[in-house]
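Structure assessment
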Amino acid sequence: MTAYQIFEIASMAILVAILIFDLLIVVKRPHVPSMKEATGWVVVYVSLALVFAGVLWLMGDGVKAGEFVTGWLLEYSLSIDNLFVFIIILSRFAVPKEMQQRVLMIGILIAIVLRGIFIVLGVQLIESFSWLFYFFGAYLVYVAWKQAFGGEDDSGEKDNLVVRMLKKRVNLTDRWNGGKSTVTIDGTKYVTPFLMVILALGTTDLLFAIDSIPAIFSITTDPFLVFACNIFALMGLRQLYFLLGGLLDRLVYLHYGIAAILGFIGVKLVFHAMETNDLPFINGGEGITWVPHIETWHSLLVILGSMLVATVASLIKLRMDAKRTGDTSLHLGPSEAELGTDGHYHIVDATGTAFYRPLQVRHSPTGTLNVIDARGKEAPVADFSEDVLREAAQEDMDPEDLDEVRRRLREGREFDERGDREV
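Described in the following lines is the structure provided in the data block. Since the structure is predicted, the reported quantities are computational estimates derived from the model, not experimental observations.

The rules we used
- Residues numbered from 1 in each chain as written.
- Predicted model: local features only at pLDDT ≥ 70, side-chain atom pairs only at ≥ 80, totals over all residues.
- Heavy atoms only, no water.
- Helix = DSSP H or I, 4+ residues; strand = E, 2+ residues; numbered from the N terminus.
- Buried < 20%, exposed > 50% of the residue type's maximum accessible area, 1.4 Å probe, protein only.
- Areas by Shrake-Rupley, 256 points an atom, 1.4 Å probe, with all protein chains shown as cover.
- Core = buried A, V, L, I, M, F, W, Y, C linked by side-chain atoms within 4.5 Å.
- Contact = heavy atoms within 4.5 Å.
- Pairing = 2+ DSSP bridges.
- Axes fitted to C-alpha atoms, helices over the stretch in contact; angles between N-to-C directions.
- 1 Å grid on protein atoms, 1.4 Å probe; cavity = no way out; pocket = protein on both sides within 12 Å on 5 of 7 lines; lining within 4 Å.
- Points joined across faces, edges and corners; volume = space filled by probe spheres on them.
- Nonpolar A, V, L, I, M, F, W, Y, C, P; charged D, E, K, R; others polar.
- Expected span 1.5 Å × (residues − 1).
- Parallel < 35°, antiparallel > 145°, perpendicular 65-115°, else oblique.
- Salt bridge = Lys/Arg side-chain N within 4 Å of Asp/Glu carboxyl O.
- Phe/Tyr/Trp six-rings, centres within 6.5 Å; stacked < 30°, edge-to-face > 60°.

A few points about the overall build of the protein chain
For the protein chain, the count of helices and strands is 14 helices and seven strands. Sorting the 423 residues of the protein chain into buried and exposed places 49% on the buried side. Carbon and sulfur atoms make up 61% of the accessible area of the protein chain, which amounts to about 20,800 Å² in all.

A look at the nonpolar core
Within soluble globular proteins, side chains that are nonpolar generally end up buried alongside one another. F52, F68, L74, V103, V197 and F217 are the most contacted members of the largest nonpolar core, which totals 92 residues. Beyond its immediate stretch of four places on either side in the chain, F217 contacts I119, G122, V123, I126, F133, F136, V226 and L269. Counting 15 residues, the second-largest nonpolar core is a separate cluster that includes V371, A379, V381 and M397.

Considerations on the sheet that holds strand β6 (residues 369-372)
Taken in spatial order, the three strands of this open sheet run β5-β6-β7, and their pairing is antiparallel. Where the open sheet ends on each side, the last strands, each with one partner, are β5 (360-363) and β7 (378-380). The mean inter-strand angle of the sheet, taken between neighbouring strand axes irrespective of direction, is 35 degrees. Two elements, β6 and β7, share three bridges in a ladder whose sense is antiparallel. Counterpart to N370 in the pairing with β7 is P380.

What to know about empty space enclosed by the protein
Inspection of every chain in the model, using the stated rule, returns two cavities of 30 Å³ or more. In this structure, the largest cavity encloses a volume near 50 Å³. As for the largest cavity, its lining consists of L19, D22, Y45, M105, I108, I112, L234, M235 and R238. Only α1 (3-28), α5 (100-128) and α9 (223-235) provide two or more residues apiece to the lining of the largest cavity. Broken down by element, the lining of the largest cavity gets its largest block of residues, three residues, from α5. Residue composition of the lining of the largest cavity, by class: seven nonpolar, no polar and two charged.

Looking at α1
Quick reminder: α-helices carry 3.6 residues per turn. Residues three or four places apart thus point the same way. Between its first and last C-alpha, α1 extends 37 Å over 26 residues, near the 38 Å set by a 1.5 Å rise per residue. Y4, F7, S11, L15, I18, L19, D22 and V26 are the residues of α1 that are buried.

Overview of the packing of helix α3 (residues 62-78) against helix α4 (residues 80-92)
The N-to-C vectors of α3 and α4 enclose an angle of 30 degrees; their axes lie 4 Å apart at closest approach. In terms of orientation, α3 and α4 fall into the roughly parallel class. For the pair formed by α3 and α4, the contact residues are Y76, S77 and L78 on the first element and I80, D81 and N82 on the second. When the residues that make up the contact of α3 with α4 are grouped by side-chain class, the tally is three nonpolar, two polar and one charged.

Structural notes on the pairing of β5
Bridge analysis of β5 against β6 gives four bridges, and the strand direction is antiparallel. Paired with V361 across the strands is V371, a residue of β6. Linking β5 to β6, which pair antiparallel, is a turn of five residues; within it G367 sits at a positive phi near 95 degrees.

As for the pattern of salt bridges
Enumeration according to the criterion identifies four salt bridges in this entry. In this structure, E75 and R115 form a salt bridge, with 3.4 Å as the shortest nitrogen-oxygen distance. Highlighted residues: E75 in helix α3 and R115 in helix α5, separated in sequence by 40 residues. Per residue, the accessibility class of E75 equals that of R115, and both read buried. Between E378 and R362 there is a salt bridge whose closest N-O contact spans 3.5 Å. On the criterion of sequence distance, the pair formed by E378 in strand β7 and R362 in strand β5 is long-range, its members being 16 residues apart.

Section: the packing of aromatic side chains
One pass over the full model with this rule turns up 14 aromatic pairs. A centroid spacing of 4.5 Å and a plane angle of 45 degrees characterise the contact between F52 and F68, whose relative ring orientation is tilted. On the criterion of sequence distance, the pair formed by F52 in helix α2 (residues 35-58) and F68 in helix α3 is long-range, its members being 16 residues apart. A single burial state applies to F52 and to F68, both of which are buried. Measuring from ring centre to ring centre gives 6.2 Å for Y253 and Y256, while their planes differ by 35 degrees; the resulting arrangement is tilted.

What follows is the structure in structure tokens.
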């Protein structure tokens, strides 16, 4: 076994362990990350990618280290489009803010698995049919044109094929049941939006892979490096969503930067196909020697330059708009988020004590119904504002608990005697 093969196995083991650790945090402590937390995780994942490249360099393989850094930055840049779609999908399925991390994490894990399959198939096809670089290159040039001049993209606005098929075959409900994929209503089992949204996120990301995977083949066809670039790009994507969510729609020129990258990569793929040409009806089946050869570092400069110019241009426009409108805020963080200082959504009882969601309920020995928060803090149902508890109960609690809260709200000592109160 070579040193590179040992590095492959060790790297995959470490990455899987990190993903499992991250998933456990999200599942056991559902919350919306604060700016500090989101920034910290983005820095961690970026640092891990740089360490990965550094180890390759120290192993004496500077070429692969350069290919990884370029491929990783390429995938990260193209993943910006994913963030826009994440915002649309989470909004369309009305994902409770406390659940957004969980659905994003599971959706991204699904995307990683699907991309892995896609990469293996893509590498096998390219090894057997090198002329596919012509097709991939032309396709990326077309996508670049659509990205820059094709008008608004409705990706994420409509259900994809997987979601449409599921809607035809199962009972669906708009009711959330915490992190559960099903809920029983009047004896009938329904699929909750939780399952729908993670399928939408995972499978929609695969559509973006149709652009990004062929693009990274212009950098390297090593399946391990291609997969590593995708994992590192996707791992930090969830936290980048929470860090930049509210700013993304104001960086109005980013799509031009992405289009420039796709167009350049498309041309590079066509040039590569011409260099290695084996189609008999093109130059007699021989490679074309006059075609410019584009090195990996050329791609790296184009990727960094395109994103830098697009971002700076967007910020300049943002500043000009701010002078005109008086709105100087950058809107960092999740769109329309209303977080506590610690990054958690919470509700406050009559005494001013904060209760951290998600909430559950428990019968006390005295017969009252108590609300239990994510940290185990407890207080009677009637100690909370009716409107605030209604919203939290609808998003957090199981149907049985929700029904009990409905009844107790009608009996609560803090509420009036109106008969139209319903959670």
